[in-house]
Amino acid sequence: MRYTRSTALAATAAAALMALAGCSSSGDDSDGAGGGDVDLKVWMATQEPTQKEAIDTVIADFEAANPGITVTLEERAVDSHKDALRQVAGTDSGPDIYWYWEGPGLGGELVENGMSLDLTEYYDQYKWEDRFSDAALAGITQYGGFDGIPWTMQGEAIYYNKTLFEQAGISETPATYEDLVAAADKLVAAGITPIQFGGTVNWHVMRLLDALIETKCGADLADTLNTTQAGWDTEECVTEAFTELKTWGDTYLNEGFMGINNDDSSQLFYTGEAAMAFEGTWFDSNVAENGMNPDEVGIFTFPTDTGRLYGFGEGFYVNATTTHADEAAKFLDFGTATASQEKVVGAWAAMSVNNEVDPSTDNALHGLWPDIFNAATGLYVNNDQNLSLDQTTEYWRIQNSVLTGDIAPADAGAEFQKFVDAN
C-alpha cells in the first residue's frame with residue numbers, strides 16, 4: 001500500500017503554469033541530436049559551484065557513454081523549485097527526473113499526487129537494493145514502493161569557529177543543552193554573535209525550533225507531535241520549546257536576522273562575525289568556497305540530550321508522466337554507480353549513499369561526519385518534511401510570530417493545534 005495523506009496538493013492554477021512557459025514537456029524529443037534521440041529534462045535546486053561542477057561531470061560522462069541521450073539540467077532557488085514542482089504535478093509539463101527531499105511533507109506530497117513513478121522494476125533490473133544501505137533506502141521505501149533513488153543522506157549540526165570559541169573562553173564543545181546556552185552566554189559576554197540565521201527563509205530558523213522541540217519534549221513525544229500533529233496544545237514541553245526559541249531570538253541570534261536570508265546570514269559565519277551556524281553536510285564545501293580554512297572549523301551535534309541526529313535524505317525521482325522512463329533509470333543508475341560517486345563524493349555530502357564509496361578526504365570537515373553519524377542513536381527529521389504544506393506554512397507563521405512577539409510562547413502550541421484540527 002502506498003503512503004497517503006489527508007492533505008492534498010493545491011490545485012494547479014493556469015497562471016502558475018504560464019510562469020513555467022518555455023519548459024518543454026517531459027515527452028518532447030525535439031531537443032535531441034536527431035530523429036529518435038532522447039533529451040532528458042532534470043530539475044534541481046540551484047547548485048553551489050562545487051555541486052554544479054560535480055553534476056555537470058556526471059551528465060557529461062553519462063552523455064559520452066550513452067550517445068543519443070542528452071541531459072538538460074534546469075536549476076531554481078529552493079522555494080522556486082518547490083513551487084515549480086507543485087505547479088506541474090499531474091501535468092505533462094514537468095521534467096523527466098526531479099531532485100527533491102524525501103520526507104512526507106515534501107517528496108511525499110508529490111508521491112501522493114501521483115507524480116512519482118514507482119521504480120520497483122528498475123531496482124530489480126539494476127540490483128539497486130544491494131547498492132544502498134538500509135538507512136539510505138528508508139526514505140525511498142516509506143511510501144510502500146520504490147519512489148526515487150537515494151542521492152544524499154544529510155546530517156545537520158552546529159558548525160563553530162574554533163578561534164571565536166577560544167576568544168570567548170569556551171574550551172570544550174557543548175555536550176548538553178545547558179552547555180550550549182552557557183557557551184552562547186560566554187560569546188555574548190565577549191562581544192561575539194553566538195549563532196547566525198536568516199529569517200526571510202522560514203526553513204532556516206525552523207532548524208532551531210525543531211531542535212528545541214526535540215530537546216524539551218524528548219524523542220518519543222517529539223515524534224508523536226511531529227508525525228501525528230496531536231498534542232501541541234496539551235504538552236508543556238511545547239511551551240518550553242517556544243519559550244527557548246524566543247530567548248534565542250532576543251539574545252543569541254544575529255541582529256536583524258528576520259530581515260535577511262540564509263545566504264546573507266552565512267556571510268557572518270564566513271567572515272568571523274558569528275561563532276556558530278546550524279547547517280548540514282553540504283556546508284563543508286560552502287566553508288571552503290567562502291575562504292575559511294576547514295581546519296579552523298569544528299562540528300558538534302545540537303545537544304538535544306536524546307542522542308539523535310537532525311537530518312534528512314534527498315533523492316532523484318522519475319516523473320510518472322515521462323515517456324523516457326528507461327533512459328531516466330539508466331541515468332540514475334549511472335549517477336549513483338561506484339565510478340561516478342567516487343568522482344563526486346563530498347560535493348553534496350561527506351559520505352556517499354553508495355555502500356562501496358569511501359567518504360571524501362579533500363576537506364577536513366568531511367572526516368568529522370562519519371563519527372557523528374555513527375554516534376547517533378537515530379534521526380529526527382526537519383519538520384517541513386514531516387508536515388503537510390499547509391501545516392508547514394502555519395508552523396512557520398507561528399514560529400515567526402513568537403520571535404517577533406506577536407504570539408506568546410505559551411499560546412503557540414494551542415495556536416498550531418487549532419489550525420491542524422480545523423484543517
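Residues numbered from 1 in each chain as written. Predicted model: local features only at pLDDT ≥ 70, side-chain atom pairs only at ≥ 80, totals over all residues. Heavy atoms only, no water.

*Asks:* Pulling in residues and values, what's your account of the overall build of the chain?
*Replies:* What the chain contains, in helices and strands, is 20 helices and nine strands. For the chain, the C-alpha radius of gyration of 22 Å lies close to 22 Å, the compact-globule estimate for 423 residues. The buried share of the chain, taken over its 423 residues, is 56%. (Helix = DSSP H or I, 4+ residues; strand = E, 2+ residues; numbered from the N terminus. Rg over C-alpha atoms; globule rule 2.2 N^0.38 Å. Buried < 20%, exposed > 50% of the residue type's maximum accessible area, 1.4 Å probe, protein only.)

*Asks:* Which residues make up the domain arrangement of the chain, and what values do they have?
*Replies:* One can read the domain layout of the chain as domain 1 (38-154 + 312-344) and domain 2 (155-311 + 374-422). Centre-to-centre separation of domain 1 and domain 2, based on C-alpha positions: 29 Å. Across the contact, 19 residues belong to domain 1 and 21 residues belong to domain 2. Carbon and sulfur atoms supply 49% of the area that domain 1 and domain 2 bury against each other, a total of about 1,400 Å² over both sides. The salt bridge involving Lys82 is made with Asp384; its shortest N-O contact spans 3.9 Å. Where domain 1 meets domain 2, there are three residue pairs in polar contact (both at pLDDT 80 or more). Only helix H2 (49-65), helix H3 (78-88), strand S4 (149-161) and strand S8 (308-318) provide two or more residues apiece to the side of domain 1 that touches domain 2. With four residues, the top contributor of residues to the side of domain 1 that touches domain 2 is H3. (Domains from an automatic or database assignment. Contact = heavy atoms within 4.5 Å. Buried area = accessible area lost by both parts, 1.4 Å probe. Salt bridge = Lys/Arg side-chain N within 4 Å of Asp/Glu carboxyl O. Polar contact = N/O pair within 3.5 Å; in protein donor to acceptor, adjacent residues only side chain to side chain.)

*Asks:* Before we move on, can you summarise the pattern of salt bridges with the specific residues and values?
*Replies:* Using the criterion set out here, one finds 14 salt bridges in the structure. Between Glu415 and Arg397 there is a salt bridge; the shortest N-O distance is 3.1 Å. Placement of the pair is Glu415 in helix H20 (residues 409-422) and Arg397 in helix H19 (residues 389-404), with a sequence separation of 18 residues. A relative accessible area of 36% places Arg397 in the partly exposed class.

*Asks:* Mind laying out the state of the cysteines, listing which residues take part and the relevant values?
*Replies:* Each disulfide consists of a covalent bond between the sulfur atoms of two cysteine residues. Inspection of every chain in the model, using the stated rule, returns one disulfide. Each sulfur of the disulfide joining Cys217 and Cys237 lies 2.1 Å from the other. Handedness of the Cys217-Cys237 disulfide follows from its S-S torsion of about 100°: it is right-handed. Here Cys217, found in helix H10 (residues 202-217), pairs with Cys237, found in helix H12 (residues 236-251); they are 20 residues apart in sequence, far enough to count as distant. Both residues of the pair, Cys217 and Cys237, belong to the buried class. (Disulfide = S-S within 2.5 Å.)

*Asks:* Quick rundown of the confidence of the model for the chain? Include the residues and the values.
*Replies:* Here the chain averages 90 in pLDDT, while 91% of its residues score no lower than 70. Low pLDDT, under 50, characterises residues 1-35; the stretch is placed with 74 contacts to residues that sit more than four places away or in other chains. (pLDDT = per-residue confidence, 0-100.)

*Asks:* Outline the pairing of strand S6 (residues 274-280), listing residues and values.
*Replies:* Counting buried positions over the seven residues of S6 gives seven, a clear majority of the element. Inspection of the sheet shows S4 paired to S6 by five bridges, in the antiparallel sense. Counterpart to Tyr159 in the pairing with S6 is Ala277. When strand S5 (residues 193-196) meets S6, the two strands line up parallel, connected through three bridges. Note that in S6 the partner of Ile195 across the bridge is Met276. (Pairing = 2+ DSSP bridges.)

*Asks:* Tell me about the nonpolar core, and name the residues and values.
*Replies:* Trp128, Phe269, Phe316, Phe331, Leu332 and Trp369 are the most contacted members of the largest nonpolar core, which has 68 residues in total. Ranked by residues supplied to this core, first place goes to strand S1 (residues 38-45) with six residues. The two domains that each donate at least three residues to this core are domain 1 (38-154 + 312-344) and domain 2 (155-311 + 374-422). Contact partners of Phe316, with chain neighbours within four places excluded, come to Val42, Met44, Ile97, Tyr98, Trp99, Gly148, Ile149, Trp151 and Leu332. (Core = buried A, V, L, I, M, F, W, Y, C linked by side-chain atoms within 4.5 Å.)

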